[in-house]
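# Architecture at a glance
Residue strings, one per chain:
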Amino acid sequence: MERRVVIFDHPLIQHKLSILRNKETSTKDFRDLVDEIAMLMMFEATRDLSTESVKVETPCGIADCKQIAGRKMAFVPILRAGLGMVDGCLKLVPSARVGHIGLYRNEETLKPVEYYCKLPKDIEERDVFVTDPMLATGGSAIDAISQIKLRKPRKIIFMCIIAAPEGLKALEEAHPDVDIFCAGLDDHLNENGYIVPGLGDAGDRIFGTK
Ligand code: PRP
Ligand code: URA
């Protein structure tokens, strides 16, 4: 199947994104919105899950139904900011496992520095959804996905809230087999590697550290 690159145009996502971007939005509201947007994105990102037919006895007869055919999933947030998207994803797929990959961007070189990686043991049997609100230069996502690929998961899907064109292009080229879901695609990166107009520093806004 061809790889999917989805930029959402759903009115609910666009509305929530407009509040998320506002510099006056409180830490609590920011966190809640990241959670809600991730949940809405997960709804679309799971569209291709295979299903199997089951018969269900209702109070009035037998219904031909579909259930998800045992596809195992794992969510892997890129620390810190990716953590903010995990609960929203788990609301739709509560049985998923959660791994963690710790990377921060050196603010001078803009290169990612890895400091932690803990993934589910049976990751080879799972579809892995990597979450990070921001895809700026793409360095963090590209490195995280390269690390995860060493463990040979069945499939990798990347989900971010805002992408810069530069980061999206870099990620598409580095990992042509990875599906990519972005709630919004912005204009450009500034000289400090921040997405413009973006929403500022996602980690600081989720955790209230600035
Ligand atoms: C932010 C963001 C991404 C990365 C994106 O994390 O959450 O992980 O920057 O930038 P890139 O595409 O240019 O690599 P940051 O390094 O600020 O760490 P934090 O989540 O701990 O705040
Ligand atoms: N990381 C962020 O949190 N925001 C940006 O705009 C770029 C990288």
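Analysis parameters
Residues numbered from 1 in each chain as written. Chains lettered and ligands numbered in written order. Predicted model: local features only at pLDDT ≥ 70, side-chain atom pairs only at ≥ 80, totals over all residues. Heavy atoms only, no water. Buried < 20%, exposed > 50% of the residue type's maximum accessible area, 1.4 Å probe, protein only. Helix = DSSP H or I, 4+ residues; strand = E, 2+ residues; numbered from the N terminus. Pairing = 2+ DSSP bridges. Near = heavy atom within 4 Å. Areas by Shrake-Rupley, 256 points an atom, 1.4 Å probe, with all protein chains shown as cover. 1 Å grid on protein atoms, 1.4 Å probe; cavity = no way out; pocket = protein on both sides within 12 Å on 5 of 7 lines; lining within 4 Å. Sits in = over half its atoms within 2 Å of the grid points. Nonpolar A, V, L, I, M, F, W, Y, C, P; charged D, E, K, R; others polar. Patch = residues over 30% accessible without salt bridge, like charges linked within 9 Å, V, L, I, M, F, W, Y side chains within 5 Å. Salt bridge = Lys/Arg side-chain N within 4 Å of Asp/Glu carboxyl O.

All right, on to the pairing of strand 8 (residues 126-131) then. With six of six residues buried, strand 8 is to be regarded as a mostly interior element. The side-chain alternation of strand 8 yields two buried faces, one formed by Arg126, Val128 and Val130 and the other by Asp127, Phe129 and Thr131. Relative to strand 8, strand 4 (residues 72-79) runs parallel, the two sharing six bridges. In the strand pairing of strand 8, phenylalanine 75 is matched with phenylalanine 129. For strand 8 and strand 10 (residues 155-163), the ladder comprises five bridges, and the chain directions are parallel. Looking across to strand 10, one finds that threonine 131 is bridged to methionine 159.

Neighbouring ligand 2 are the residues Arg105, Met134, Ala136, Gly193, Tyr194, Ile195, Gly200, Asp201 and Ala202. Here ligand 2 has 240 Å² of accessible area as a free molecule, and 88% of this is covered by the chains. When each cavity is represented as a set of grid points, ligand 2 is found to reside in the largest pocket. Here the shell around ligand 2 is composed, by residue class, of five nonpolar, two polar and two charged.

The next point concerns the pairing of strand 7 (residues 112-118). Across six bridges, strand 6 (residues 100-105) lies against strand 7 in antiparallel orientation. If you follow glycine 102 over to strand 7, its bridge partner there is tyrosine 116. The hairpin formed by strand 6 and strand 7 contains six residues between the paired strands, and leucine 110 there has a positive phi angle of roughly 65 degrees.

The next thing to look at is a nonpolar patch on the surface. Together, Val5, Ile7 and Leu185 give the surface a local cluster of nonpolar side chains, amounting to about 210 Å² of exposed area. Assignment of secondary structure puts isoleucine 7 in strand 1 (residues 5-7).

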